[in-house]
Amino acid sequence: NRNYHAPGQPVWNWHFTAVGNIYPASLHPFLGTPETAPNRESHPSEIAVDPEAWIARHGDNYFPTRYVIANRAFDLTAKSALANVSNRGMTGAGEKTLITGLIVSGGEPRNVVVRALGPSLSSKGVQQVAGNPRLEVYRGSSRLASNTDWGTHPRASRLAEAFPALVPEDGREAAIWLTLTPGAYTLHGINEDGTEGVVLLEAFDVDPAAK
């Protein structure tokens with residue numbers, strides 16, 4: 001068929017849910033030798049170079065002799081959630097706000113630590129950092145939480161005790177420990193004084209790994 005993608009992209013990315021029979025190519029001599037059977041021996045990447053030209057030359061039938069068949073088992077009762085997401089960029093006021101999206105999936109709430117780093121990035125060689133980043137967490141258009149200067153947050157002491165590795169290096173940076181129900185969220189990072197600067201937005205799933 002002609003179900004291919006743009007050149008350089010995967011071609012015919014099939015996923016098998018069941019395999020009835022597998023026949024060795026040697027049982028089908030009518031297919032010809034590798035030199036005369038490109039429909040059998042061509043690699044998908046070769047077709048991707050110029051799919052139209054390949055089809056014009058060899059037709060739109062493709063029956064490769066080499067498959068990768070993998071059996072993947074899915075536990076539908078297991079919890080599923082983000083592990084980590086991060087985004088670094090320049091932020092400013094209004095439409096220049098740096099925004100990162102994340103999705104918590106599964107059927108149960110997850111504990112997540114979100115951060116907005118600025119001053120500590122200077123020691124990593126980053127120039128023009130946000131001197132006092134502000135972090136806001138949204139679900140849709142509703143703001144769920146915000147923080148500037150992580151130590152002022154009501155759960156700051158619990159965060160420091162439970163997850164010391166996630167405590168920002170600089171007191172002017174933001175961090176919030178949240179319990180999020182499954183859904184889509186966005187992290188908004190700005191510089192508190194309104195000037196432009198580089199911010200690193202991060203989110204960490206801090207619940208134990210799903211079993």
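These numbers come from a predicted model, not from an experiment.

Notes on the confidence of the model for the protein
- Of all residues in the protein, 68% have pLDDT values of 70 or greater, and the mean over the chain is 77.
- Of the regions scoring below 50 in pLDDT, residues 1–19 engages in 27 contacts with residues more than four places distant in sequence or in other chains.
- Low pLDDT, under 50, characterises residues 25–35; the stretch is placed with 10 contacts to residues that sit more than four places away or in other chains.

Comments concerning unusual backbone geometry
- Of note, Q128 is a non-glycine position whose phi angle comes to about 50°, a positive value.
- Mapped onto the elements, Q128 comes out in the loop between strand 3 (110–117) and strand 4 (133–139).
- In this model, D149 sits at a positive phi of 65°, which is unusual for a non-glycine residue.
- Mapped onto the fold, D149 is located in the loop between strand 5 (142–147) and helix 4 (156–162).

Side note on the sheet that holds strand 6 (residues 174–180)
- In space, the four strands of this open sheet follow the order 1-8-3-6, with antiparallel pairing throughout. Of all strands in the sheet, those bounded by a partner on one side alone are strand 1 (84–91) and strand 6. Sheet twist, expressed as the average angle between the axes of neighbouring strands with direction ignored, equals 15°.
- With eight bridges joining them, strand 1 and strand 8 (residues 197–205) adopt antiparallel strand pairing. By the bridge assignment, R88 is partnered in strand 8 with L200.

Description of the sheet that holds strand 7 (residues 183–191)
- If you trace the four strands from one edge of the open sheet to the other, you get 2-7-4-5, paired in antiparallel fashion. Of all the strands in the sheet, just strand 2 (98–104) and strand 5 have a single pairing partner and so form its edges. For this sheet, the mean inter-axis angle between neighbouring strands, taken without regard to orientation, is 25°.
- Pairing geometry for strand 2 and strand 7, over seven bridges, is antiparallel. If you follow L98 over to strand 7, its bridge partner there is G189.

Description of the nonpolar core
- The biggest cluster of nonpolar side chains holds 19 residues, and the ones touching the most others in it are V114, L135 and L187.
- For this core, the elements supplying multiple residues, two or more each, are strand 2, strand 3, strand 4, strand 6, strand 7 and strand 8.
- Looking at which element gives the most residues to this core, the answer is strand 6, with four residues.
- Once residues lying within four places of it in the same chain are set aside, the contact partners of L187 are L98, I99, T100, L102, V114, L135, E136, V137, L201, E202 and A203.
- If you look at the next biggest cluster of nonpolar residues, it comprises 11 residues, including W150, A156, L159 and F163.

Some points on the side chain of E173
- Along the chain, E173 turns up in the loop between helix 4 and strand 6.
- Buried and unpaired, E173 has R115 as its nearest opposite-charge partner, separated by 6.9 Å.
- At 2.8 Å, the side chain of E173 forms a polar contact with the backbone nitrogen of G118.
- Dropping the residues within four chain positions of it, E173 is found in contact with A116, L117, G118, P119, S120, L121, P133, N147, D149, W150 and P168.

Some words on helix 3 (residues 51–58)
- Considered for burial, the residues of helix 3 that qualify are P51, W54 and I55. One side of helix 3 carries all its buried residues, which in axial view fall inside an arc of 95°. Structural note: helix 3 exposes A56 and R57 on the side pointing more than 90 degrees away from its buried face.
- A positive backbone phi angle near 90° is found at G59, which sits one or two residues after helix 3.

Details of the pattern of salt bridges
- Going through the model one piece at a time under the given rule, you end up with eight salt bridges.
- As a salt-bridge pair, E196 and K96 come within 2.6 Å of each other at their nearest N and O atoms. Of the two residues, E196 is situated in the loop between strand 7 and strand 8 and K96 in the loop between strand 1 and strand 2; the sequence distance between them amounts to 100 residues.
- A salt bridge links D205 to R110; the nearest nitrogen and oxygen atoms lie 2.8 Å apart. Within this pair, whereas D205 is found in strand 8, its partner R110 is found in strand 3, the two being separated by 95 residues in sequence.
- Classification of R110 as buried rests on a relative accessible area of 4%.

Cut-off values and rules
Every chain is numbered independently, its residues counted from 1 as its sequence is written. The model is predicted, so local features are restricted to residues of pLDDT at least 70 and side-chain atom pairs to those at 80 or more, both for listing and for counting; the totals for chains, interfaces and linings are taken over all residues. Neither water nor hydrogens contribute to the side-chain values; these are computed over all heavy atoms in the structure. pLDDT measures the predictor's confidence residue by residue and takes values from 0 up to 100. Any pair of residues with heavy atoms lying within 4.5 Å of one another is described as a contacting pair. Runs of H or I in DSSP of at least four residues are treated as helices and runs of E of at least two as strands, each being numbered from the N terminus. Any two strands with at least two DSSP bridges between them are considered paired. Note on method: axes are straight lines fitted to C-alpha atoms, helices fitted across the in-contact stretch only, with angles between N-to-C directions ranging 0 to 180 degrees. The set of buried Ala, Val, Leu, Ile, Met, Phe, Trp, Tyr and Cys residues whose side-chain atoms join them within 4.5 Å is what this entry labels a nonpolar core. Burial status follows relative accessibility: with a 1.4 Å probe on protein chains alone, a residue under 20% of its type maximum counts as buried, one over 50% as exposed, and anything between as partly exposed. In this charge count, Lys and Arg are treated as positive and Asp and Glu as negative; neither His nor the chain ends contribute. By salt bridge we mean one thing: a side-chain nitrogen of Lys or Arg within 4 Å of a carboxyl oxygen of Asp or Glu. Side-chain atoms alone can form a polar contact between residues adjacent in sequence; in general such a contact is a pair of N or O atoms within 3.5 Å, and within protein one must be able to donate a hydrogen while the other accepts it. Working note: the arc is built from the helix axis to C-beta atom directions.

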